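# Observations on chain architecture
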Amino acid sequence: MVLIGGGLGSLARYIVGTAISVRTGGRFPLGTLVVNVTGSFLIGLLMVLLTERLQPHPNWRLLLVVGSSRYTTFSSFEYETFQAVQSGGKWIGLLNVIGSVTLGYIAVWIGAAIVGKR
């Protein structure tokens, strides 16, 4: 289920992101923004439906949430932050946001610097 959902999620990300980028062009990564926001909406919707409202077979969660999170891993980050804040951990949520964005950017910068122009 994870493999199937992951393949479908990756394909959907490519199609949506590319379609938006081709139509809008420009420097701002609108395709990525749209994928991240729609993926965050979907994971919020699906997690509540599949864990609180309905009690479907566990394979549905594996297919639709775990596998399809390949559409955007950003949605997993957002949902984990949401869960932390909802359970009273507003500082944990804030630390997750600041840490993930700041450390992630630094990691990209270091990785690019290591193999970049000399």
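Scope of this entry: the structure provided in the associated data block. Nothing here was measured: the structure is a model prediction, and the numbers come from that model.

Looking now at the packing of aromatic side chains. Per the stated rule, a full pass over the model turns up two aromatic pairs. Considering the side-chain rings of F74 and F77, the 5.5 Å spacing of their centres and the 50 degrees angle between planes classify their relative orientation as tilted. With a gap of three residues between them, F74 and F77 both fall in helix α4 (residues 73–86), about one helical turn apart. Looking at F74, the relative accessible area reads 30%, which means it is partly exposed. Aromatic side chains Y79 and F82 sit 6.0 Å apart centroid to centroid with 40 degrees between the ring planes, which places their arrangement in the tilted category. Placement of the pair is Y79 and F82 together in helix α4, with a separation of three residues, close to one helical turn.

Between the first and last C-alpha of helix α1 (residues 2–24) there are 32 Å, a value that for 23 residues agrees with the 33 Å anticipated at 1.5 Å per step. Regarding α1, the residues found buried are G5, G6, G9, G17 and I20. Against α2 (30–53) and α3 (58–67) lie the buried residues of α1. At the exit of α1 stands G25, carrying a positive phi of roughly 55 degrees.

Look at α4: 20 Å from first C-alpha to last across 14 residues, which is about the 20 Å you get at 1.5 Å a residue. Within the sequence span of α4, burial applies to S75, F77, Y79, T81 and A84. Contacts made by the buried residues of α4 are with α2 and α5 (90–115). For α4, the N-terminal capping position is held by T72, with its side-chain oxygen 3.1 Å away from the main-chain nitrogen of F74. In the segment just after α4, G88 is the residue with positive phi, at about 95 degrees.

Residue placement: T72 occurs in the loop between α3 and α4. When its relative accessible area of 2% is taken as the criterion, T72 is described as buried. One polar contact links the side chain of T72 to the main-chain amide nitrogen of F74, over a distance of 3.1 Å.

About the criteria used
Residues numbered from 1 in each chain as written. Predicted model: local features only at pLDDT ≥ 70, side-chain atom pairs only at ≥ 80, totals over all residues. Heavy atoms only, no water. Phe/Tyr/Trp six-rings, centres within 6.5 Å; stacked < 30°, edge-to-face > 60°. Helix = DSSP H or I, 4+ residues; strand = E, 2+ residues; numbered from the N terminus. Buried < 20%, exposed > 50% of the residue type's maximum accessible area, 1.4 Å probe, protein only. Expected span 1.5 Å × (residues − 1). Contact = heavy atoms within 4.5 Å. Polar contact = N/O pair within 3.5 Å; in protein donor to acceptor, adjacent residues only side chain to side chain.

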